[in-house]
Amino acid sequence: MKFFEDAVLQARKRGHLVCGDHYLCRRTPEATVLILCDGVGSGVYANVAAVTCASRLYALLEEGCSLRAACSMVAESMHRARTEEIPFAAFVVARILPGGQYTAYAYENPGPVHIKQGVAAACEQRFLTVQYEMIAESAGMMEMGDALLLCSDGVTHAGIGGGYAMGWETQGLVGEMNAALRRGLSGEALLSHILHTAFVISGRAYWDDTSLALATCREARELTVLTGPPASRADDARVIAALMNAPGRKVICGSSTTEIASRELKRPAVITGMRLTPDTPPEYRMEGVDLITEGVLTLNQAMNLLEGGVDLRAGDGVVFRLCRMLTEADAVTFLVGGGQNAGHEDPLFRQLGVKPRQVIVEKLVECLQNKGKLVAVRRC
């Protein structure tokens, strides 16, 4: 499975406390979307314009607009900003599908740079007229090891007045990237080098807000969590097979679910730790599964740790290890059984604030998505 790991570096314009560029990355099972907006001017006003532009672009995509339609609509609205007192922002947006196919649109901003087999090249652009404005379209395919760079014009305009009549421009950026790639730089080290070079050629100052975002294609670290028995016993074998055939690490949260897995796989589930304290759920061991523990209580405790910003290296209990597995994974799939557990109807659960399985899984999904994880839920 391909995963598109993103990294971003930004520098504020000289003399300002706030960067006028704004970067946004959102991942869903359907696509990874990268948005980089550059607000006109600098400082707080520019930042507000950039944040507004990025939020609107993503909201349009969430509403079901195609990328081209969303970019066209925002570019059209920016035409009004040229003559009216409303925020103006340039932007570059890339949408990468799970297979690696990508489409990018740039408006008043440099187009993307594609790194393939260790060589950087500016993406070819096709220009589209949108009412009174123009946007540039690029497309391509990312394979393992490829990367896609987005930047604001603070990068390509670097050097103006310092020996570069029109600034560094995309050609100069690509040349410097290739020199750095030949020296083995990649990821954040490459971004840091490019940002510093832009600073140097501009007379050791940033004369504009300067932003770089890099999406690198690599193999995903996958995790599958099975919690709760299926709604129908007839589905037991199918659901356990789905867990065992899933790539990456595997977790079972639920004593009843563990019994089903043991029966279907004909493997014993041996209890390895049961101190019977509120903060230490029982733990089991079974061949082929990386972590097995209690269900709803464990998931609630894991949510509390993740939400509370606790140092996950501070403990070695089963809840801490589950949290580390969730945060170390790039892609998490929850297999959520629809079977009912009568024990969860006990008023004590509500008294203790223990959320039901369906509710706590939804909260975990939201939490992990906010951490940049690719999360999917499959009901069974």
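Since this is a predicted model, take the numbers as computed values, not measurements.

## Some details on helix α1 (residues 43-62)
Argument step 1. Given a rise of 1.5 Å per residue, 20 residues ought to cover 28 Å, and the 29 Å separating the end C-alpha atoms of α1 matches this to within 8%.
Argument step 2. All buried positions along α1 are accounted for by G43, A46, A49, A50, C53, A54, L57, Y58, L60 and L61. Down the axis of α1, the buried set is contained in an arc of 160°. They therefore lie on one face. Those residues of α1 that are exposed and angled more than 90 degrees off the buried face are V44 and E62.
Argument step 3. Looking at the buried positions of α1, the neighbouring elements they touch are β2 (21-27), β3 (32-39), α2 (67-81) and β4 (89-96).
Argument step 4. Positive phi shows up at G64, right after α1, with a value of about 105°.

## Some details on the environment of V270
Argument step 1. By the element assignment, V270 lies in strand β14 (residues 270-273).
Argument step 2. Overall, the relative accessible area of 37% leaves V270 in the partly exposed class.
Argument step 3. Residues within four places of V270 in sequence aside, it is in contact with E283, Y284 and R285.

## Thoughts on the nonpolar core
Argument step 1. In terms of nonpolar packing, the biggest core is built from 29 residues, with V251, L322, L326 and F334 touching the most fellow members.
Argument step 2. The element that contributes the greatest number of residues to this core is helix α9 (residues 318-328), accounting for 7 residues.
Argument step 3. Each residue touching V251, except ones within four places of it in the same chain, is listed here: L223, T224, V225, L226, L243, V289, L291, L322 and M325.
Argument step 4. Core analysis: the next-biggest nonpolar cluster, separate from the first, contains 27 residues, M78, F88, F91 and Y107 among them.

## A closer look at the sheet that holds β3
Think of a sheet as strands paired side by side through backbone hydrogen bonds, with each pair either parallel or antiparallel.
Argument step 1. Strand order in this open sheet of 6 strands is β2-β3-β4-β5-β9-β8, and the pairing throughout is antiparallel. Each edge of the open sheet carries a strand with a single partner, namely β2 and β8 (126-130). Neighbour-to-neighbour, the strand axes of this sheet turn through a mean angle of 15°, independent of strand direction.
Argument step 2. Pairing geometry for β3 and β4, over 8 bridges, is antiparallel. What sits directly across from L36, in β4, is V92.
Argument step 3. On the sheet, α1 packs against β2, β3 and β4 and is oriented at approximately 150° with respect to β3.

## Digging into the environment of A46
Argument step 1. Along the polypeptide, A46 turns up in helix α1.
Argument step 2. Note on A46: relative accessible area 0%, which makes it buried.
Argument step 3. C-alpha of A46 to C-alpha of F4: the two residues are 42 residues apart in sequence and 28 Å apart in space.
Argument step 4. Residue contacts for A46: discarding those within four places in its chain leaves G20, G39, V40 and G41.

## So, the UniProt feature "domain: PPM-type phosphatase" (unreviewed entry) in the protein
Argument step 1. What UniProt calls "domain: PPM-type phosphatase" (unreviewed entry) maps, in this numbering, to residues 30-216.
Argument step 2. Regarding residues 30-216, the helix share stands at 36% and the strand share at 30%, and the terminal C-alpha atoms are separated by 17 Å.

## Focus: the packing of aromatic side chains
Argument step 1. Evaluation of the coordinates by the stated rule reveals 3 aromatic pairs.
Argument step 2. Relative to Y107, the ring of F88 has its centre 6.1 Å away and its plane inclined at 50°; by these criteria the two rings are tilted. With a gap of 19 residues between them, F88 in the loop between α2 and β4 and Y107 in strand β5 (residues 101-107) connect regions that are remote in the sequence.
Argument step 3. Assessed through its relative accessible area of 14%, F88 is described here as buried.
Argument step 4. Classification of Y107 as buried rests on a relative accessible area of 0%.
Argument step 5. Judged by centre distance (5.4 Å) and plane angle (35°), the ring pair of F91 and Y107 falls under tilted. A residue pair is termed long-range when its members are at least 10 positions apart, and F91 in strand β4 and Y107 in strand β5 qualify at 16 residues.
Argument step 6. Three or more aromatic residues link up through ring pairs in this structure, and these residues are F88, F91 and Y107.
Argument step 7. One residue, R26, lies across the ring of Y58, its end atom 5.9 Å from the ring centre.

Calculation rules
Residues numbered from 1 in each chain as written. Predicted model: local features only at pLDDT ≥ 70, side-chain atom pairs only at ≥ 80, totals over all residues. Heavy atoms only, no water. Helix = DSSP H or I, 4+ residues; strand = E, 2+ residues; numbered from the N terminus. Expected span 1.5 Å × (residues − 1). Buried < 20%, exposed > 50% of the residue type's maximum accessible area, 1.4 Å probe, protein only. Arc of directions from axis to C-beta. Contact = heavy atoms within 4.5 Å. Core = buried A, V, L, I, M, F, W, Y, C linked by side-chain atoms within 4.5 Å. Pairing = 2+ DSSP bridges. Axes fitted to C-alpha atoms, helices over the stretch in contact; angles between N-to-C directions. UniProt positions renumbered as here; feature names shortened; annotations may be inferred. Phe/Tyr/Trp six-rings, centres within 6.5 Å; stacked < 30°, edge-to-face > 60°. Lys NZ or Arg CZ within 6 Å of the ring centre and 35° of its normal.

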